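The lines below spell out each chain.
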Amino acid sequence: MPITSPVRRDPRAVEHDVLAIVSTLVDELGGRPGGRPVGLGDRLDRDLGVGSLERVELLLRLEQRFGVRLPDAVMADAVSPGDLVTAIRGAGTAPPEAPVAAGPPLGEAAPPPVAARSLVSVLAYHAEATPERAHVLLREEDGRERPITYGALWHRARAVAAGLRDRKVGAGDPVAIMLRTEAAFFPAFFGVLLAGGVPVPVYPPFRRDLIEDYARRQVGILANAGARAIITFPEAVRVAALLRSRVASMRHIVTVADLGETEATAGAAGGPGAPALIQYTSGSTGAPKGVLLSHANLLANIRAIGEAIRVRPDDVAVSWLPLYHDMGLIGSWLGALYFGIPIAILSPLAFLARPARWLHAIHAHRATISAAPNFGFDLCARRIADEEIGDLDLSSWRLAMNGSEPVSPETIERFGRRFRPYGFRPHAMCPVYGLAEASVALTIPAPGAGPRVDTIARETFQQAGRAVPAAGEPAPLQLVSCGPPLPGHQVRVVDREGRPLGERVEGRIEFRGPSVTEGYWRSPAATRAARRDGWMDSGDLGYWADGELFISGRIKDLITKAGRNLYPQEVEDIVGEIPGIRKGCVAAFGVHDPSVGTERLVVVAETRARELAERERLRAAVMDRVVAALGIPADVVVIADPHAVLKTSSGKVRRSATRAAYLEGVMGRPGRRIAVQWARLLAGAIGARLRRAAAWLPALARAAYLGSLLLLTLPPLWLAVVLAPTGPAADRASRRWCRLILGLSGCALRLEGEEHLAATAGPVILAANHASYVDVVVLLAALPLPFRFVAKQELGRAPVVGRVIRKVGHLTVERGQASRSVADAERVTGALLAGRSVLVFPEGTFTRAAGILPFRLGGFKAAVDTGCPVIPVTIRGAREILPAEDWLPRPGPITVAVGPPLRHDADGWPAMVRLRDRVRAEIARRSGEPAVDRSYTP
């Protein structure tokens, strides 16, 4: 229901009551050290120990006291009690939040597009088949749901694509999407794909007091991605500008509104192998890595998930998972898109502010499928009051998928017991396992099978790695099955040498299948480290039992102490249950002790308690609980202030980062004030710009030098061409100039395979890759064989270049015409029949990103029609010297490699295609660049 206009309140009375409510809550949590009163400027988290879960309770108390509806953003934005006062004075009165109302009948859905080869073709299919059908039901700030139809999403995405193309964002360019869960996200994602770019979802800023840490992590991601542009929301433009100053590749900061309303005249659709997404891992065990996923990867995973969970036409999904995370982006939204089922989406902040909203959405829409991490189920079981869910009915929920983090048997039991009276069926709980490297999902139990918990002997498992069923042990281990592999995928458990292990033996989890990434973006070393004989290393440990996979921990997190393998997740769960310790805010890790040749077990546990005696009591309680559960003591127990344990954007404990902070002695260091953080960020941005400007000086000097060379040498070239007879003499003059300009500019030229040029008599077709503005100059300088090249018609009208083209007799075609491939073929055929060799660039264009683009057929048609051989010519090094959209040359070595002549093996269309593919494969092999399947107009 809508919130009314702000109500006038006595400022002093508001301050007094807010401080009283905050003080009461702080007292309930253990109070402040020395009994100091709460002040308006105190930090809620650092000074008062009020974390995200406590904020839920605090905001509810404030709303009840003042009769207001506070925006969900207050959950994240409020840093101090003073911020809460400001929010309350600006809020309006509102009745209790009304439940979500079920929307009108949606009509019949189209069947899944089984022939689709890309995400873009999936959206296009549904937009054509059912343009008015609601695809997303988006919960907005006022609690209302906004329907987004397939047709509206398609049209808006085309407009975004047009705006990006106007800004020279195109094939293969990574584009960061820094948006909240909002209507703009969906057309932004598909607009990037339609423009030929690669979406890079990153989480948006949401804590003003942590802006410096946010900027530091995002700069690393954006720099690694090489993002060309960032799409964000208006309130985050200032943050994005600071990020751009530190990311050399960044050219544009735009909002979806900035990109205009004009549709693109045609939508580009990448093929199955084209990049569709760079998904950055959360970084819970180290620096984030960009997982590169193709359209084929994503569609394979979505289809396999659909087969595994038996998606039905009448299914309805609900999700509050962040769209920058694979489980929310792929598993929820894109999965619903492919199968044509409606999905109700609310923001993570809306869920955290009032967890009951998730369950009310499932009730209202009679949803059948909804997923969450383990903590989401636990939060609902612990924090939702009976009065919030009096009429709740969860009987429609057939698949409650629990994944993205270790699944707790206790949480499964607790959630089932809490919501069984509201129609939830315990066998609907479905623990799953997946990771970004497999797109999203890897193993899923059969629907309705219910969770399977394996109770095993602790000591045998920790010492020998064998999962032996427990027989009446007092403290056994309990692990939850994540089911069998997805259809078409394989999972194995191996030892350190890669040898498969038997039933109930713990080892490394490896996997392969059609949805598995080819590797990490711009990280070949990380890719090589993760791959072995076609299998991908998950980084996780587990074992097989009766055809189902059980996850026991992460390899990097495993703690080896006194010959036993300890799993940090279990230690953290044990310690988190101690009263006074903040649940979910515990980190356990190992620190190598060279004196004994083993690791020391370190446990960091957050508390709100400040008194020394109470902290000592908690330290002793942690020691006792660890010994009782594991039979082995912790070496170091650190009782720390709130936020000492570092976490990822998705709430996972960053054990490696917390361990590093512990070793460096900076753990729990108080954060800087917001103004100080902004000042440091601004100073860093200015410094980055100055360093970049200084780095450009040599490039500007080189450009000035090259410009001087052109001014000095082009007039003599023009005069020589004008005076020379048409044909060979003009050609010799232009070739001498090309060799001169390359030599004086410091580009060493090397020719390989010259003997192949003399291997055939008569005219040939030279097919070369296109990597740079200097390619024609390079080939004229390097190749001794006379040839005519095919140029764009507009070059023929250029003052000096046009004179050379006309005088030598090079060919020109109108590239803007739809029939340009036919024109290419006709002109090339005519030149060959006249006895002249012809050079073609079958890609037709070039991009900044490395890769051999798809080849057009025009030149190969001419080869088949005339019987002339095709000689592959590979240029290496030119892209680094003067890439697309760059006018500051960098001198370096250039190699031109000439391959053996290739002839067609038959006549007709199939022969053209086979010849094209052979030439492209040869050029790709010699170039060292991948053959990429990007969209282009044939």
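Summary of the structure given here. (Residues numbered from 1 in each chain as written. Predicted model: local features only at pLDDT ≥ 70, side-chain atom pairs only at ≥ 80, totals over all residues. Heavy atoms only, no water.)

### Re the overall build of the protein chain
Looking only at helices and strands, the protein chain features 28 helices and 33 strands. For the protein chain, the proportion of its 938 residues judged to be buried stands at 57%. Restricting the contact set of the protein chain to residue pairs at least 6 apart, pairs at least 24 apart contribute 73%. Carbon and sulfur atoms form 56% of the exposed surface of the protein chain, whose accessible area is close to 38,500 Å². (Helix = DSSP H or I, 4+ residues; strand = E, 2+ residues; numbered from the N terminus. Buried < 20%, exposed > 50% of the residue type's maximum accessible area, 1.4 Å probe, protein only. Contact = heavy atoms within 4.5 Å. Areas by Shrake-Rupley, 256 points an atom, 1.4 Å probe, with all protein chains shown as cover.)

### A word on the pairing of strand β1 (residues 134-139)
Among the six residues of β1, six are classified as buried, and the element is accordingly described as predominantly covered. Relative to strand β2 (residues 145-149), β1 runs antiparallel, the two being bridged by five bridges. Note that in β2 the partner of Leu-138 across the bridge is Arg-146. A loop of five residues connects β1 with β2, the two strands running antiparallel in sequence, and Gly-143 in this loop sits at a positive phi of about 90°. One ladder, built from three bridges, connects β1 with strand β10 (residues 343-345); its direction is parallel. Bridge assignment links Leu-137 to a residue of β10, and that residue is Ala-344. (Pairing = 2+ DSSP bridges.)

### Focus on the pattern of salt bridges
Evaluated as defined, the whole model comprises 34 salt bridges. In this structure, Asp-314 and Arg-312 form a salt bridge, with 3.2 Å as the shortest nitrogen-oxygen distance. Two residues, Glu-577 and Arg-382, come together in a salt bridge whose shortest N-O distance is 3.6 Å. In this pair, Glu-577 is assigned in the loop between α18 (568-576) and β24 (581-593) and Arg-382 in helix α14 (residues 374-383), connecting sequence segments 195 residues apart. (Salt bridge = Lys/Arg side-chain N within 4 Å of Asp/Glu carboxyl O.)

### Comments concerning the sheet that holds strand β4 (residues 198-201)
Pairing in this open sheet of four strands is parallel, and the strands run β4-β3-β5-β6 from one edge to the other. The sheet is open, and its two edges are formed by β4 and β6 (252-254), each paired on a single side. Each neighbouring strand pair of the sheet contributes to a mean axis angle of 25°, computed without reference to strand direction. Bridge count for strand β3 (residues 174-178) against strand β5 (residues 229-232) is four bridges, and the pairing is parallel. (Axes fitted to C-alpha atoms, helices over the stretch in contact; angles between N-to-C directions.)

### Digging into the nonpolar core
If you look at the biggest cluster of nonpolar residues, it comprises 148 residues, and the most contacted ones within it are Phe-189, Phe-190, Trp-333 and Trp-358. Among the elements that make up this core, the one with the highest residue count is helix α11 (residues 326-339) (nine residues). If near-sequence neighbours (up to four positions away) are discounted, Phe-189 is found in contact with Leu-119, Ile-177, Pro-199, Ala-276, Leu-277, Leu-329, Trp-333 and Leu-334. The next biggest cluster of nonpolar side chains, apart from the first, holds 38 residues, and it includes Leu-785, Phe-841, Ile-875 and Ala-878. (Core = buried A, V, L, I, M, F, W, Y, C linked by side-chain atoms within 4.5 Å.)

### Re the state of the cysteines
Throughout this description, disulfide means a covalent bond between two cysteine sulfur atoms. Overall, the coordinates contain zero disulfides when judged by the stated rule. Left without a disulfide partner, Cys-430 is nearest to the cysteine sulfur of Cys-482, which lies 9.2 Å away. (Disulfide = S-S within 2.5 Å.)

### Points about the pairing of strand β32 (residues 870-876)
Of all the seven residues making up β32, six are buried; the element is thus mostly covered by neighbouring parts of the structure. Pairing of strand β28 (residues 765-768) with β32, which is carried by four bridges, proceeds in the parallel orientation. The partner of Ala-767 across the bridge, within β32, is Pro-872. For β32 and strand β33 (residues 894-898), the ladder comprises four bridges, and the chain directions are antiparallel. Bridged to Thr-874 within β33 is Ala-897.

### What about the sheet that holds strand β18 (residues 519-520)?
The three strands are arranged β7-β8-β18 in an open sheet whose pairing can be described as antiparallel. Of all strands in the sheet, those with a lone pairing partner are β7 (275-280) and β18, marking the two edges. In this sheet, strand β8 (residues 290-294) lies alongside β7 in antiparallel orientation, the contact comprising five bridges. If you follow Leu-277 over to β8, its bridge partner there is Leu-293. Here helix α10 (residues 295-309) sits on the sheet and contacts β7 and β8; the angle it forms with β8, its principal contact strand, is near 80°.

### What about the side chain of Asp-17?
Looking at the element boundaries, Asp-17 is found in helix α1 (residues 11-28). Relative accessible area serves as the criterion here: at 15%, Asp-17 is assigned to the buried category.

### What to know about the packing of aromatic side chains
Enumeration over the complete set of coordinates arrives at 26 aromatic pairs. Between the aromatic rings of Phe-189 and Trp-333, the centroid separation amounts to 5.6 Å while the plane-to-plane angle is 75°, which identifies the pairing as edge-to-face. With Phe-189 in helix α7 (residues 185-194) and Trp-333 in helix α11, this pair connects stretches of sequence that are 144 residues apart. The class for Phe-189 is buried, based on a relative accessible area of 0%. Look at Phe-377 and Phe-415: their rings are 5.1 Å apart centre to centre, the planes differ by 90°, and that puts the pair in the edge-to-face class. Of the two residues, Phe-377 sits in helix α14 while Phe-415 sits in helix α15 (residues 409-419), which places them 38 residues apart along the sequence. Across the pair, exposure class does not vary: Phe-377 and Phe-415 are buried alike. (Phe/Tyr/Trp six-rings, centres within 6.5 Å; stacked < 30°, edge-to-face > 60°.)

### Some remarks on the environment of Phe-415
A relative accessible area of 0% places Phe-415 in the buried class. Separated by 35 residues in the primary sequence, Phe-415 and Cys-380 place their C-alpha atoms 7.5 Å from one another. Aside from chain neighbours lying at most four places away, what touches Phe-415 is Phe-377, Cys-380, Ala-381, Trp-397, Phe-424 and Met-429.

### Things to note about unusual backbone geometry
The phi dihedral of Arg-310 is positive, around 60°, even though this residue is not glycine. Checked against the element boundaries, Arg-310 lands in the loop between α10 and β9 (317-319). For Arg-310, a relative accessible area of 52% corresponds to the exposed category. A positive phi angle is found at Arg-366, which is not glycine, with a value near 50°. Within the secondary structure layout, Arg-366 lies in the loop between α13 (356-365) and β11 (369-372).

### As for the packing of helix α6 (residues 150-166) against α7
Axis separation between α6 and α7 bottoms out at 7 Å; the angle between their running directions is 55°. The orientation of α6 with respect to α7, classified from their angle, is oblique. For α6 against α7, the interelement crossing comes out right-handed. Here Leu-153, Trp-154, Arg-156, Ala-157, Arg-158, Val-160, Ala-161, Leu-164 and Arg-165 of α6 lie close against α7, whose contacting residues are Phe-186, Pro-187, Ala-188, Phe-190, Gly-191, Val-192 and Leu-194. (Parallel < 35°, antiparallel > 145°, perpendicular 65-115°, else oblique. Left-handed = near helix turned anticlockwise from the far one by under 90°.)

### Considering the packing of α10 against α11
Running from amino to carboxyl end, α10 crosses α11 at an angle of 80°, the nearest separation of the two axes being 10 Å. As summarised for this structure, α10 and α11 are arranged roughly perpendicular, according to the angle between their axes. Within the contact between the two elements, α10 uses Leu-298, Leu-299, Ile-302, Arg-303 and Gly-306 and α11 uses Ile-330, Leu-334, Gly-335, Tyr-338 and Phe-339. Classifying every residue of the contact of α10 with α11 gives seven nonpolar, two polar and one charged. (Nonpolar A, V, L, I, M, F, W, Y, C, P; charged D, E, K, R; others polar.)

What is shown is where atoms sit, not what they do.
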